[in-house]
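What follows is each chain in one-letter form.
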Amino acid sequence: MFDIIFCIIVSIAITLLCVIFTISHLPIRKAPSDVIEKIKRNGLIHYTSKKNAVGILHDKYLKGKLSHMGGIELKFGKLVWTYPSGNDNLLENKHDSLLKKKKGKDNTNFEVCLKLTGFSEEDLNRFYMRPKFSIFQDQAIIFRGDKLAPSNIEILK
């Protein structure tokens, strides 16, 4: 009897952790006005591969992509993941953590850092963030849409 109760408790705990992880990753919170003002003032950072950077610079926009996480995140459509600009330490720390995250694997998806500035009001209204209670504290700012077209895209790193 104890074994069955233990298995049920462990199953519930694992399910809860999966739900918390999934919800924490979702771009469900509309970017508040103070974040939008910072975006207008400082721009955003986007990490990508060299190959994608060439295409982005040529096309002058970033293509939204369906989530690789699958499941409920696919319901949000195409997304472009970005991070706040304006803090060089944050830029370096985020870039290093992305490269380390893929340690021993192909980390070329994050080798180029682009700075994005000059967003239309329409684009600014499509920025979302993770929930305030998210276990992810990386300050991700997510554009929900097919095409993010800032007026200025430059390579920082």
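Position numbers for residues start from 1 in each chain and track the written sequence from start to end. Local features in a predicted model are, by the rule used here, given only for residues with pLDDT of at least 70; side-chain atom pairs are given and counted only at 80 or more, and totals for whole chains, interfaces and linings are based on all residues. Side-chain numbers here rest on the full set of heavy atoms in the structure, without hydrogens or water.

What am I meant to see in the side chain of Asp 123 here?
Inspection of the secondary structure assignment puts Asp 123 in helix H5 (residues 121–124). Buried Asp 123, no salt bridge; nearest opposite-charge side chain is Arg 126, N-O distance 5.2 Å. Those residues in contact with Asp 123 that sit more than four places away from it in its chain are Phe 143, Lys 147, Leu 148 and Ala 149. By definition, any uninterrupted DSSP run of H or I lasting at least four residues is a helix, any uninterrupted run of E lasting at least two residues is a strand, and each is numbered from the N terminus. Here's how the labels work: a residue is buried when its accessible area is under 20% of the maximum for its type, exposed when over 50%, partly exposed in between, all with a 1.4 Å probe on protein chains only. In summary, the charge assignment counts Lys and Arg as positive and Asp and Glu as negative, without counting His or the chain termini. Here, a salt bridge means any Lys or Arg side-chain nitrogen found within 4 Å of an Asp or Glu carboxyl oxygen. The criterion used for residue contact is that any of the two residues' heavy atoms lie within 4.5 Å.

So what exactly am I meant to see when it comes to the confidence of the model for the chain here?
Interpretation of this model should avoid reading the predicted coordinates in detail wherever pLDDT is low. Values of pLDDT, ranging from 0 to 100, describe the predictor's confidence in every residue of the model. Per-residue confidence for the chain averages 80 on the pLDDT scale, and 72% of its residues sit at or above 70. Across the chain, the element-wise mean pLDDT spans from 54 in helix H4 (residues 88–101) up to 96 in H5.

Mind showing me how you'd approach the pairing of strand E4 (residues 79–84) here?
Regular strands place side chains that alternate from one sheet face to the opposite one. Sheet topology note: the strand E2 (residues 44–48)/E4 ladder contains 2 bridges and is antiparallel. Across the sheet, residue Ile 45 finds its bridge partner in E4, namely Tyr 83. In this description, strands pair whenever DSSP reports at least two bridges between them. The pairing of E4 with strand E7 (residues 141–144) spans 4 bridges and is classified as antiparallel. Directly across from Trp 81, in E7, lies its bridge partner Ile 142.

I'm lost on the packing of aromatic side chains in this one. Help?
Two descriptors summarise a pair of aromatic rings, namely the distance from one centre to the other and the angle between the planes of the rings. Any two rings among Phe, Tyr and Trp, with Trp reduced to its six-membered ring, count as a pair given centres within 6.5 Å; such a pair is stacked if its planes are under 30 degrees apart, edge-to-face if over 60, and tilted if neither. Evaluation of the coordinates by the stated rule reveals 3 aromatic pairs. Ring centres of Tyr 47 and Tyr 83 lie 6.0 Å apart, and the angle between their planes is 50°; this geometry places the pair in the tilted category. Residue Tyr 47 is located in strand E2, and its partner Tyr 83 is located in strand E4; the two are separated by 36 residues in the primary sequence. As far as the burial class goes, Tyr 47 and Tyr 83 line up, both buried. For the ring pair Phe 119 and Phe 127, a centre distance of 5.5 Å and an interplane angle of 90° mean the geometry is edge-to-face. Relative accessible area serves as the criterion here: at 1%, Phe 127 is assigned to the buried category. Members of the aromatic cluster, joined through ring pairs, are Phe 119, Phe 127 and Phe 143. In this structure, Arg 144 is placed above the aromatic ring of Tyr 128, and the distance from its NZ or CZ to the ring centre is 4.0 Å. Positioned above the aromatic ring of Tyr 61, the side-chain terminus of Lys 147 is 4.6 Å from the ring centre. By definition here, charges over rings are those cases where NZ of Lys or CZ of Arg is within 6 Å of the ring centre and within 35 degrees of the ring normal.

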